[in-house]
Amino acid sequence: MRKCKVIAVTNQKGGVGKTTTTENVAIGLVRQGFDVLIVDFDPQGDLTSCLGWKNNDALEHSVSSMLDDYINDNDIDYDSLILHHEEDVDLIPANIELADFEMRLVSVINREQTLSNCIEPLRDKYDYIFIDCPPSLGMLTVNALSAADEVLIPVQTQYLPAKGMTKLLQTVNKVQRKINSNLKITGIVMTLADLNTNITKSTIDTIRESFGKNIRVFDTIIPKATKASEASISGKSIYAYAKDSKVAVAYDNLTKELVKNPKIRQKDEISL
Ligand SMILES: Nc1ncnc2c1ncn2[C@@H]1O[C@H](COP(=O)(O)OP(=O)(O)OP(=O)(O)O)[C@@H](O)[C@H]1O
Ligand SMILES: [Mg+2]
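Because the structure is a prediction, the values reported are computed rather than measured.

**Considerations on the overall build of the protein chain**
Here comes step 1: Across its full length, the protein chain holds 12 helices and eight strands.
Here comes step 2: In summary, the protein chain has a C-alpha radius of gyration of 18 Å against a globular reference of 19 Å for 272 residues, a match within 12%.
Here comes step 3: Counting only C-alpha atoms, the protein chain reaches 55 × 40 × 35 Å along its principal axes.
Here comes step 4: Here the protein chain holds 272 residues, and 56% of them are scored as buried.

**Quick word on the site of ligand 1**
Here comes step 1: Around ligand 1, a shell composed of 18 residues is seen, among which K18, T19, T20, P223 and A225 lie nearest.
Here comes step 2: Within the backbone of G15, one N or O atom sits 3.0 Å away from an oxygen atom of ligand 1.
Here comes step 3: Relative to its free-state accessible area of 630 Å², ligand 1 is covered by the protein chains to the extent of 80%.
Here comes step 4: Counting only elements with at least two residues in the shell around ligand 1, the list comes to α1 (18-31), β8 (217-223) and α10 (226-234).

**Thoughts on a positive patch on the surface**
Here comes step 1: A surface patch of like charges, here positive, comprises K167, K174, R177 and K178.
Here comes step 2: Mapped onto the elements, K178 comes out in helix α8 (residues 162-178).

**Comments concerning the packing of helix α7 (residues 139-147) against α8**
Here comes step 1: Packing of α7 against α8 brings their axes to within 10 Å, and their N-to-C directions diverge by 55°. As far as their axial angle goes, α8 and α7 are oblique. Seen along the crossing, α7 lies across α8 with a hand that is right-handed. Seen from α7, the contacting residues are V142, L145 and S146; seen from α8, they are T171, V172 and V175.
Here comes step 2: Classifying every residue of the contact of α7 with α8 by side-chain character gives four nonpolar, two polar and no charged.

**Looking at the UniProt feature "domain: AAA" (unreviewed entry) in the protein chain**
Here comes step 1: Following the UniProt record, the feature "domain: AAA" (unreviewed entry) maps to residues 5-185 here.
Here comes step 2: Spanning residues 5-185, this segment combines 38% helix with 16% strand, and its end C-alpha atoms are found 12 Å apart.

**A short note on the pairing of strand β5 (residues 128-132)**
Here comes step 1: With respect to burial, β5 is a largely interior element, five of its five residues being buried.
Here comes step 2: Along β5, one buried face is formed by Y128, F130 and D132 and the opposite face, lined by I129 and I131, is buried too.
Here comes step 3: Across five bridges, strand β1 (residues 5-9) lies against β5 in parallel orientation. Bridge pairing in β5 places V9 opposite D132.
Here comes step 4: Pairing of strand β2 (residues 36-40) with β5 involves five bridges; the strand directions are parallel. Note that in β5 the partner of L37 across the bridge is I129.

**Overview of the pairing of strand β7 (residues 184-193)**
Walk down a regular strand and you will see the side chains alternate between the two sheet faces.
Here comes step 1: Of all the 10 residues making up β7, eight are buried; the element is thus mostly covered by neighbouring parts of the structure.
Here comes step 2: The sheet contact formed by strand β6 (residues 150-156) and β7 spans seven bridges and is parallel. Residue pairing in the sheet places I153 in a bridge with I188 of β7.
Here comes step 3: Traced from β6 through α8 to β7, the parallel crossover comes out right-handed.
Here comes step 4: Pairing geometry for β7 and β8, over three bridges, is parallel. Opposite A193, over in β8, you have P223 as the bridge partner.

Rules used throughout
- Residues numbered from 1 in each chain as written.
- Chains lettered and ligands numbered in written order.
- Predicted model: local features only at pLDDT ≥ 70, side-chain atom pairs only at ≥ 80, totals over all residues.
- Heavy atoms only, no water.
- Helix = DSSP H or I, 4+ residues; strand = E, 2+ residues; numbered from the N terminus.
- Rg over C-alpha atoms; globule rule 2.2 N^0.38 Å.
- Buried < 20%, exposed > 50% of the residue type's maximum accessible area, 1.4 Å probe, protein only.
- Near = heavy atom within 4 Å.
- Polar contact = N/O pair within 3.5 Å; in protein donor to acceptor, adjacent residues only side chain to side chain.
- Areas by Shrake-Rupley, 256 points an atom, 1.4 Å probe, with all protein chains shown as cover.
- Patch = residues over 30% accessible without salt bridge, like charges linked within 9 Å, V, L, I, M, F, W, Y side chains within 5 Å.
- Salt bridge = Lys/Arg side-chain N within 4 Å of Asp/Glu carboxyl O.
- Lys, Arg positive; Asp, Glu negative; His and termini not counted.
- Charge placed at Lys NZ, Arg CZ, Asp CG, Glu CD.
- Axes fitted to C-alpha atoms, helices over the stretch in contact; angles between N-to-C directions.
- Parallel < 35°, antiparallel > 145°, perpendicular 65-115°, else oblique.
- Left-handed = near helix turned anticlockwise from the far one by under 90°.
- Contact = heavy atoms within 4.5 Å.
- Nonpolar A, V, L, I, M, F, W, Y, C, P; charged D, E, K, R; others polar.
- UniProt positions renumbered as here; feature names shortened; annotations may be inferred.
- Pairing = 2+ DSSP bridges.
- Right-handed = clockwise from strand over helix to strand, strands pointing away.

The structure is reproduced here in structure tokens:
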């Protein structure tokens, strides 16, 4: 049996680079020869659009219909559900229909584990499954954390994310204690960095000092560059859009760091 790793990309703060990081790390891993699936788990459907399915509301099958099939005890038709992107990554797409998921789950037994149960049969087919989370710590994110082996946390470098991180780590802790004791933190990746400013440099140092004791903070920092958003709009990864750009090199380095799999410098109970 294949050893699949499921990674939820999470931060309840909006616009910190979750979707961009999910897309480019996932495709970075494909470029290294791994079989990778992305689950778009955000009703905004940004990742689905970034991979070129702009009119995602028209999709007949989506993560929402997958969850409905599970809730209604229907077989999930994975072949119709999973889309294949030209850069060889697979995608379970999302659209606005996922927005009322919380309500639909009210009467479901073990509702926190709905996504986990849906993707379990796919662990056999992929080396990595990424879940792109919405900017909240609600039921969607709890489902993603319950389904995951690891959490990857993108943070912006413009300011200190102290309070938001505490809340996020408390949620991870709670899921560890109550639902998914195997959940680990892959690490923190700093994104959208304007490396020419002193404030960014000092924030980077502070993030390493304050979080680096308990959690891995990746060496690679993703710089802020318009090529990153242009790539998303074009429906391609940064490697296909601007292979020699600084952002492409950074995401390639981050991907390599991720597979290096060093000792996880993390206490059983994560605290700050
Ligand atoms: N390295 C970068 N340089 C410049 N722009 C970037 C970079 N990374 C992401 N962006 C842009 O910043 C915006 C937010 O990025 P992204 O959508 O990845 O964040 P997010 O955390 O997924 O947001 P949300 O919380 O809404 O899901 C997008 O317009 C994206 O194209
Ligand atoms: Mg997003």
